[in-house]
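Overview (structure and organization)
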Amino acid sequence: DESPAPSEAPSTYTIIINYKFADGTQAAPSWSAQVAAGSTYTQDVQSPVVVGYTPSETVVHVDTSEAITYTVTYQPAEVEFTVKHYQQNVSNDEYTLVDTESKKGYTESAVGDNLGKTYDGFARLLYDTTTEIAADGSTVVEVYYDRNYYLMNFDLDGGYGVEPIYARFGAPINVGKPTKPGYTFEGWDKTIPATMPAEENTSYKAIWKIGTSGFTVLFWYENANDDGYSVAGTYTPDDVKPGTEKKSADYKNQSFTG
């Protein structure tokens, strides 16, 4: 009988390094080397750079005399992304960039819901918190803020001519002068700001100066030579609050000028 021919031993063996993401997909082209059988292969192989990811091994230390496969796994790295803050304009519904920040997060993770800032007089609008952070740092998140509206009240203390103001934060404030019969407007109890402040229901009270009484008291004396009367003198009060009821008897003992 003929005996089967002996099989020939392999003349080489292969060493492979695979570079993969955590989900098993390829992160970078594999590295490989074919080595003559019976020899030992020794080399430090630098793992390739994958933007936004960190390799489980930066260097693979190859030291083998047989076929072997290594796997380097790339995990998301902490990278930068940009946050831009826009405030609503006073005079229209457009927005102006007021702040730019650099933030950090892990590649492919969501930017999250903590990117908003606090600005007096503004309310933050919603933004897409699920936006994924790009590996190359190109992600830009835009956060918008609307101006709040506030009410400014005026206590006119019986006067008229000035209405409450309901306006956006920062809007110019123009207040006219109120009127009150018999009084002169002196101003307000505190300074009115030039623009709407970020305060709820502010109030300002009118200050009035009393005017002249607006009437004259006539003193009539009986004539000496007939039954008629003649004006002997007059008196003009300057201390009577407008709207006060006065009688002639209130002045019967009043000094007067002839």
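One can find the structure itself at the top, above this paragraph.
Summarised in this report is the structure supplied together with it. Note that this is a predicted model, so its numbers are computed, not measured.

So, about the overall build of the chain. Secondary structure summary: the chain contains 0 helices and 16 strands in total. Scaling as 2.2 N^0.38, a compact globule of 258 residues should have a C-alpha radius of gyration of about 18 Å, whereas the chain reaches 46 Å, well beyond that. Along the three orthogonal principal directions, the C-alpha set of the chain runs to about 180 × 30 × 25 Å. Looking at the 258 residues of the chain, the share that counts as buried comes to 31%. Put simply, of all contacts in the chain between residues at least 6 apart along the chain, 47% involve residues at least 24 apart. Approximately 16,800 Å² of the chain is accessible, and the part contributed by carbon and sulfur atoms is 46%.

All right, on to the sheet that holds strand β4 (residues 53-55) then. Backbone-to-backbone hydrogen bonds pair the strands of a sheet. The strands run either parallel or antiparallel. In space, the 4 strands of this open sheet follow the order β2-β1-β6-β4, with mixed pairing throughout. The open sheet terminates on both sides in strands that have one partner only, identified here as β2 (26-36) and β4. Recorded for the sheet is a direction-independent mean angle of 20° between the axes of neighbouring strands. Relative to strand β6 (residues 68-76), strand β1 (residues 12-21) is paired through 7 bridges, and the arrangement is parallel. The residue of β6 that forms the bridge with asparagine 18 is threonine 71.

The next thing to look at is the sheet that holds strand β10 (residues 140-147). Here we have 4 strands laid out as an open sheet, ordered β8-β7-β10-β9, and mixed in their pairing. The open sheet has two edge strands with one neighbour each: β8 (95-106) and β9 (122-124). Direction aside, the axes of adjacent strands within the sheet are offset by 30° on average. Note: strand β7 (residues 78-88) against β8, 11 bridges, orientation antiparallel. Paired with tyrosine 86 across the two strands is leucine 97, which belongs to β8.

Two side chains that carry opposite charge are able to pair once their charged atoms sit near each other. Summed over the entire model, instances satisfying the criterion amount to 5 salt bridges. Lysine 117 is paired through a salt bridge with glutamate 101; the nearest N and O atoms lie 3.7 Å apart. Placement of the pair is lysine 117 in the loop between β8 and β9 and glutamate 101 in strand β8, with a sequence separation of 16 residues. Two residues, aspartate 157 and lysine 180, come together in a salt bridge whose shortest N-O distance is 3.9 Å. Within this pair, whereas aspartate 157 is found in the loop between β11 (149-155) and β12 (165-168), its partner lysine 180 is found in the loop between β12 and β13 (183-188), the two being separated by 23 residues in sequence. A residue is classified by how much of its surface remains accessible, and lysine 180, at 14% relative accessible area, is buried. Bridged by salt links that share partners, the residues Asp99, Glu101 and Lys117 form one connected network.

On to the packing of aromatic side chains, then. One pass over the full model with this rule turns up 13 aromatic pairs. On the numbers, 5.0 Å between centres and 80° between planes, the contact of tyrosine 95 with tyrosine 144 is edge-to-face. Taken together, the residues span a long stretch of sequence, with tyrosine 95 in strand β8 and tyrosine 144 in strand β10 at a distance of 49 residues. Feature note: the residues Phe154, Phe185, Trp188, Tyr204 and Trp208 constitute an aromatic cluster, connected by ring pairs. For the cation-ring pair, lysine 190 lies above tyrosine 204, with the distance from its terminal atom to the ring centre recorded as 4.9 Å.

All right, on to the environment of asparagine 201 then. Turning to its location among the elements, asparagine 201 is positioned in the loop between β13 and β14 (202-210). Assessed through its relative accessible area of 48%, asparagine 201 is described here as partly exposed. For the pair asparagine 201 and glycine 121, spaced 80 residues apart in the sequence, the C-alpha separation amounts to 13 Å. Those residues within four positions of asparagine 201 in sequence are excluded, and the remaining contacts are Leu151 and Asn153.

It is worth spelling out the side chain of histidine 85 at this point. Topologically, histidine 85 is positioned in strand β7. A polar atom in the side chain of histidine 85 sits 2.8 Å from the side chain of tyrosine 145. Beyond its immediate sequence surroundings of up to four residues, histidine 85 is in contact with Thr96, Leu97, Val98, Asp99, Glu101, Leu115, Lys117, Tyr119, Val143 and Tyr145.

Located in the positive-phi region is glutamate 108, a residue other than glycine, with phi close to 75°. Overall, glutamate 108 belongs to the partly exposed group, its relative accessible area being 46%. One non-glycine residue, aspartate 157, lies in positive phi territory at about 50°. Judged by relative accessible area, aspartate 157 falls into the partly exposed class, the value being 38%.

So, how was this worked out
- Residues numbered from 1 in each chain as written.
- Predicted model: local features only at pLDDT ≥ 70, side-chain atom pairs only at ≥ 80, totals over all residues.
- Heavy atoms only, no water.
- Helix = DSSP H or I, 4+ residues; strand = E, 2+ residues; numbered from the N terminus.
- Rg over C-alpha atoms; globule rule 2.2 N^0.38 Å.
- Buried < 20%, exposed > 50% of the residue type's maximum accessible area, 1.4 Å probe, protein only.
- Contact = heavy atoms within 4.5 Å.
- Areas by Shrake-Rupley, 256 points an atom, 1.4 Å probe, with all protein chains shown as cover.
- Pairing = 2+ DSSP bridges.
- Axes fitted to C-alpha atoms, helices over the stretch in contact; angles between N-to-C directions.
- Salt bridge = Lys/Arg side-chain N within 4 Å of Asp/Glu carboxyl O.
- Phe/Tyr/Trp six-rings, centres within 6.5 Å; stacked < 30°, edge-to-face > 60°.
- Lys NZ or Arg CZ within 6 Å of the ring centre and 35° of its normal.
- Polar contact = N/O pair within 3.5 Å; in protein donor to acceptor, adjacent residues only side chain to side chain.

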